Amino acid sequence: MAASKQKLAVIISPTYNERPNVKKLVPIVAKVIKNISDWDIKLLFVDDSSPDGTAEEIKQLQKKYSFVELLVNKKKMGLGGAYLAGMNKAFNQMGAQVVFEMDADLSHDPKILASFLRAIDAGADLVLGSRYIKGGSIPANWGFYRKFLSVVGNLTASVILGSTAVRDWTTGYRAIRKEVYDKIHPELLSERFSGYTFQIGFLHKSLRAGYKVVEVPFHFVDRTVGVSKLGPEYIINTLLYIVGVRLKELFNHRITKFAIVGGIGFVVNLTFYHLFRWLSLWTSLSSWLKLAGQNGWFSNLLSDEGLAVALSAEVAILSNYLWNNIWTFKDRQIFGFINHAKKFLQFNFGSLGSVVIQYLTMQISVLTFGVFTLLKVWSIDITSDNLYLIIGVLLGMVWNFTIYSRLIWRKNK
Ligand SMILES: Nc1nc2c(ncn2[C@@H]2O[C@H](COP(=O)(O)OP(=O)(O)OP(=O)(O)O)[C@@H](O)[C@H]2O)c(=O)[nH]1
Ligand SMILES: [Mg+2]
């Protein structure tokens, strides 16, 4: 091999009972890498002490092929565990800039390694061998069930994860730059993953981190020797994983937090209203102020209900302010007494805006469309003012969120 080559790419191939396949794979890879001139390429097998003696076979191959490396794990680590161990060795001990993920069962044609490297040289951070773009395919001989699983599995991943950036989420043929590995693998270590969740998780986190992901087409070839490790638990695990990831993301979204805080505010409002009503605040206060018995305008200004509703609304506003400050807008948190006083006053005026919006929505709708029965549920009339109320509340929420994010918790420039 020419000494001028500098860049190193390591093909990582995890093996579990792949003895006949590694014997076939190594000579094919040898031929392919001979024709790649600007990258040094090594092939690292990560074997989990396969009972069929795959590791012994690889050791035999190493005598003839100097580009073959072997890492043996004492126990079965699963695909993700094997890849992480392999990546650690490739990047941190062998000095690779790029690693490939490649199955050992000849499903991933080594002939297209060069097209991955071209994409890397053109600036990609992560390259996927894709079966679902033009020029790629899944095996024609796959039964309906396997085809269905693969196609529907990929569509489901796209829909649930809310990303159309990638067509082949579960592909196990990939090239990954060191920077991506350095950033993503610590996050993966803290997760439990199995089978495809490792691949989907790695890809999803890379996309979220803004890395450039490029797909190159390839024809997936069905394994001819050995047994598949694909079981029904893979499907369940994958589905649970993507739903979990998405829910976590949605829950961490500012709008969701804002809505939850609003919901808490509603409960606080209701609870305190009943508490203050129960305390008969106005009756006690007016007798203490010796207003009882007087029929002046002042004593009629408020009632127990009136005072309770005003005070509980204020408690709810305070609760909303505090929760939004420590949770929804945690990254723009307000500190200091003076700041709090100023911002809380603004917050109160802002909240008043939402009341005005709800009032106007109701008033204008009633005057324009009137109140009529929308539908009947178990002989109960659902009237149109309920709809106006919902629209008003939603508009009020838009108003509040705008005021909060543009004024109260404004982004620091
Ligand atoms: N080291 C290691 N390798 C594994 C493990 N599970 C699977 N592999 C290897 O990972 C690669 C992909 O596994 P496959 O069983 O081929 O999975 P698949 O490609 O989804 O399914 P089939 O091609 O139908 O078998 C193969 O090279 C396996 O030998 C494991 O627990 N440890
Ligand atoms: Mg396979």
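What counts and what doesn't
- Residues numbered from 1 in each chain as written.
- Chains lettered and ligands numbered in written order.
- Predicted model: local features only at pLDDT ≥ 70, side-chain atom pairs only at ≥ 80, totals over all residues.
- Heavy atoms only, no water.
- Salt bridge = Lys/Arg side-chain N within 4 Å of Asp/Glu carboxyl O.
- Helix = DSSP H or I, 4+ residues; strand = E, 2+ residues; numbered from the N terminus.
- Near = heavy atom within 4 Å.
- Polar contact = N/O pair within 3.5 Å; in protein donor to acceptor, adjacent residues only side chain to side chain.
- Areas by Shrake-Rupley, 256 points an atom, 1.4 Å probe, with all protein chains shown as cover.
- Buried < 20%, exposed > 50% of the residue type's maximum accessible area, 1.4 Å probe, protein only.
- Contact = heavy atoms within 4.5 Å.
- Patch = residues over 30% accessible without salt bridge, like charges linked within 9 Å, V, L, I, M, F, W, Y side chains within 5 Å.
- Axes fitted to C-alpha atoms, helices over the stretch in contact; angles between N-to-C directions.
- Parallel < 35°, antiparallel > 145°, perpendicular 65-115°, else oblique.
- Left-handed = near helix turned anticlockwise from the far one by under 90°.
- Nonpolar A, V, L, I, M, F, W, Y, C, P; charged D, E, K, R; others polar.

Caption draft 1: Focus on the pattern of salt bridges. In the structure shown here, the tally under the stated rule is 13 salt bridges. For arginine 19, the salt bridge is made with glutamate 57, and the minimal N-O distance between the two is 3.0 Å. Here arginine 19, found in helix H1 (residues 19-34), pairs with glutamate 57, found in helix H2 (residues 54-64); they are 38 residues apart in sequence, far enough to count as distant. Bridged by salt links that share partners, the residues Glu18, Asp105 and Arg223 form one connected network.

Caption draft 2: Inspection of the site of ligand 1 at higher detail. Neighbouring ligand 1 are 19 residues; Glu18, Asp48, Lys76, Arg146 and Arg223 lie closest to it. Take valine 46: an N or O atom from its main chain is 3.1 Å from a nitrogen atom of ligand 1. The contact in question runs from an oxygen atom of ligand 1 to an N or O atom on the backbone of glycine 78, over 3.1 Å. Protein chains bury 95% of the 630 Å² of accessible surface belonging to ligand 1 in isolation.

Caption draft 3: Quick look at the environment of lysine 147. As for its placement among the helices and strands, lysine 147 is situated in helix H5 (residues 144-161). For lysine 147, a relative accessible area of 31% puts it in the partly exposed group. Between the C-alpha atom of lysine 147 and that of leucine 302, which follows or precedes it by 155 residues, the distance is 71 Å. Dropping the residues within four chain positions of it, lysine 147 is found in contact with Ile138, Pro139, Ala140 and Trp142.

Caption draft 4: Highlighting a nonpolar patch on the surface. On the surface, Phe369, Phe372, Leu374, Leu375, Val377, Trp378, Leu387, Ile391 and Leu395 cluster together to form a nonpolar patch covering roughly 910 Å² of accessible area. Listing elements by their share of the nonpolar patch, those giving two or more residues are strand E8 (373-377) and helix H14 (384-408). Positionally, phenylalanine 369 belongs in helix H13 (residues 337-369). What makes phenylalanine 369 exposed here is its relative accessible area of 57%.

Caption draft 5: Fine view of the packing of H1 against H2. It is at 8 Å that the axes of H1 and H2 come closest, and there the two elements cross at 20 degrees. When the axes of H1 and H2 are compared, the pair comes out roughly parallel. Crossing geometry of H1 relative to H2 is assigned as right-handed. On the side of H1, the interface is formed by Arg19, Val22, Lys23 and Val26, while H2 contributes Thr54, Glu57, Ile58 and Leu61. Of the residues belonging to the contact of H1 with H2, the class tally is four nonpolar, one polar and three charged.

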